[in-house]
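Commentary on secondary and tertiary structure
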Amino acid sequence: MIRAAAKNHDDVAVVVEPPDYQAVLDELAAHQGATRLSLRRRLAAKSLRPHRRLRCGDFELVCA
């Protein structure tokens, strides 16, 4: 799902690390509920980095 969201970064912002939530919230507040393409591209690139560690509750998985 993360890869699919990243591939659709023209329309969606994909957040894979908790520190990025604040950047998205700031962007939404500054741009009337929208995000700029530059932020969506940066977040998409970050989500596609090799060996991404993802946490979901008590579970952690490594995507290669």
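Residues numbered from 1 in each chain as written. Predicted model: local features only at pLDDT ≥ 70, side-chain atom pairs only at ≥ 80, totals over all residues. Heavy atoms only, no water.

**Brief notes about unusual backbone geometry**
Applied cut-off: Runs of E in the DSSP output that reach at least two residues are strands. Runs of H or I that reach at least four are helices, and both are numbered from the N terminus. Burial classes follow relative accessibility: with a 1.4 Å probe on protein chains only, a residue under 20% of its type's maximum area counts as buried, one over 50% as exposed, and anything between as partly exposed.
Phi at Gln 32 takes a positive value of approximately 55°, unusual for a residue other than glycine. Relative to the assigned elements, Gln 32 resides in the loop between α2 (19-30) and α3 (37-47). On the accessibility criterion, Gln 32 (81% relative accessible area) is exposed.

**Considering the confidence of the model for the protein chain**
For the record, the criterion: Known as pLDDT, the predictor's per-residue confidence is scaled from 0 to 100.
Residue-level pLDDT values for the protein chain average 84, and 77% of them are 70 or greater. Of all helices and strands in the protein chain, the one with the weakest mean pLDDT is strand β2 (residues 59-63) (55), whereas α2 scores best (96).

**Overview of the environment of Ala 45**
The topology assignment puts Ala 45 in helix α3. Judged by its relative accessible area of 46%, Ala 45 is partly exposed. Each C-alpha atom, one on Ala 45 and one on His 9, is 9.4 Å from the other, the two residues being 36 residues apart in sequence.

**Quick word on the side chain of Asp 20**
Rule in force here: The contact rule is simple, with two residues in contact once any of their heavy atoms fall within 4.5 Å.
Positionally, Asp 20 belongs in helix α2. Take Asp 20: its relative accessible area is 6%, and that puts it in the buried class. With near-sequence residues (within four places) excluded, Asp 20 lies in contact with Val 15, Leu 43 and Lys 46.

**Let's talk about the pattern of salt bridges**
To be explicit about the condition: For this analysis, a salt bridge means a side-chain nitrogen from Lys or Arg found within 4 Å of a carboxyl oxygen belonging to Asp or Glu.
The final tally for this structure, using the stated rule, is three salt bridges. Between Lys 46 and Glu 17 there is a salt bridge, with the nearest N and O atoms lying 3.3 Å from each other. Here Lys 46, found in helix α3, pairs with Glu 17, found in the loop between α1 (2-7) and α2; they are 29 residues apart in sequence, far enough to count as distant. Overall, the relative accessible area of 15% leaves Lys 46 in the buried class. Linking Asp 20 and Lys 46 is a salt bridge whose minimum nitrogen-to-oxygen distance equals 2.9 Å. With Asp 20 in helix α2 and Lys 46 in helix α3, this pair connects stretches of sequence that are 26 residues apart. Several salt bridges converge on common partners, so that one network encompasses Glu 17, Asp 20 and Lys 46.

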